[in-house]
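Take a look at the letters that make up each chain.
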Amino acid sequence: MSASRKRAASARILGQWVDAYARRHDLTPPRVRNWVSYLVLGGALVRAGFRGDGPVFSIKGGVALEVRLRERARATFDMDVTVAGEGADLGQALAAALADPYEGFSFQLKEEPRTLPNGAVRVHVALQYLRKPWATVQVDVSGPEGDAGHVELVEAFSLAPFGIDGLLLPLNLSQMSEFSLVLIQVGETQLLLGVAPG
């Protein structure tokens, strides 16, 4: 899907579009800005292509839920991704995937990746739009886990209002398979519940 408007001419204008969208949809501007940042990062990672039967990178956790459920999901403040292939240098894989600009955005790892107790690495990625600061996203990168068959390509919600082309994102659903998501309507309120099997 092509963007419905031309790319923003500056980070200031893109920020104005984010603020207007947030007001129109009764969302907070930081949440919409985060959505743009997460989806642009995801689009950049998709360029790394596919290895074997699945993508090199896939998105899991809170961002995967937000892509699937939009504003019904709890807002998340970091991004969790997995890298296919045993023994991959996780930090180097991320840096290589983000080396080139994407849709007017460029990326820089702000520090050396830090290894977490679970073996994942954490790094903060600075995003610039047309060479002006846009956002910083905490990214946790882990190796393959769960059932690779649970990775599916999902059409991200449209960034056309921000002048960014549509894209498909690989979501790792292995963690989600451990419980069911049930949307319950109570009057005018919708409650999203995670229900364990059994």
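Calculation notes
Residues numbered from 1 in each chain as written. Predicted model: local features only at pLDDT ≥ 70, side-chain atom pairs only at ≥ 80, totals over all residues. Heavy atoms only, no water. Axes fitted to C-alpha atoms, helices over the stretch in contact; angles between N-to-C directions. Helix = DSSP H or I, 4+ residues; strand = E, 2+ residues; numbered from the N terminus. Parallel < 35°, antiparallel > 145°, perpendicular 65-115°, else oblique. Left-handed = near helix turned anticlockwise from the far one by under 90°. Contact = heavy atoms within 4.5 Å. Buried < 20%, exposed > 50% of the residue type's maximum accessible area, 1.4 Å probe, protein only. Pairing = 2+ DSSP bridges.

Draft legend 1. The packing of helix α1 (residues 11-24) against helix α2 (residues 29-46), seen in detail. One can describe the packing of α1 onto α2 by two numbers: an axis separation of 8 Å at closest approach and a directional angle of 120°. Taken together, the axis directions place α1 and α2 in an arrangement best described as oblique. Note that α1 runs across α2; the crossing there is right-handed. Between α1, through G15, V18, D19, Y21 and A22, and α2, the contact on the second element is made entirely by P29, V32, R33 and V36.

Draft legend 2. Spotlight on the pairing of strand β4 (residues 78-83). Judged by how many residues are buried, β4 sits mostly within the fold: six of six residues are covered. With four bridges joining them, strand β3 (residues 57-60) and β4 adopt antiparallel strand pairing. Each bridged residue has a counterpart across the sheet, and for K60 the counterpart in β4 is D80. Strand direction decides the pairing type here: β4 and strand β8 (residues 132-142), joined by five bridges, are parallel. Bridging across to β8, D80 finds its partner in D140.

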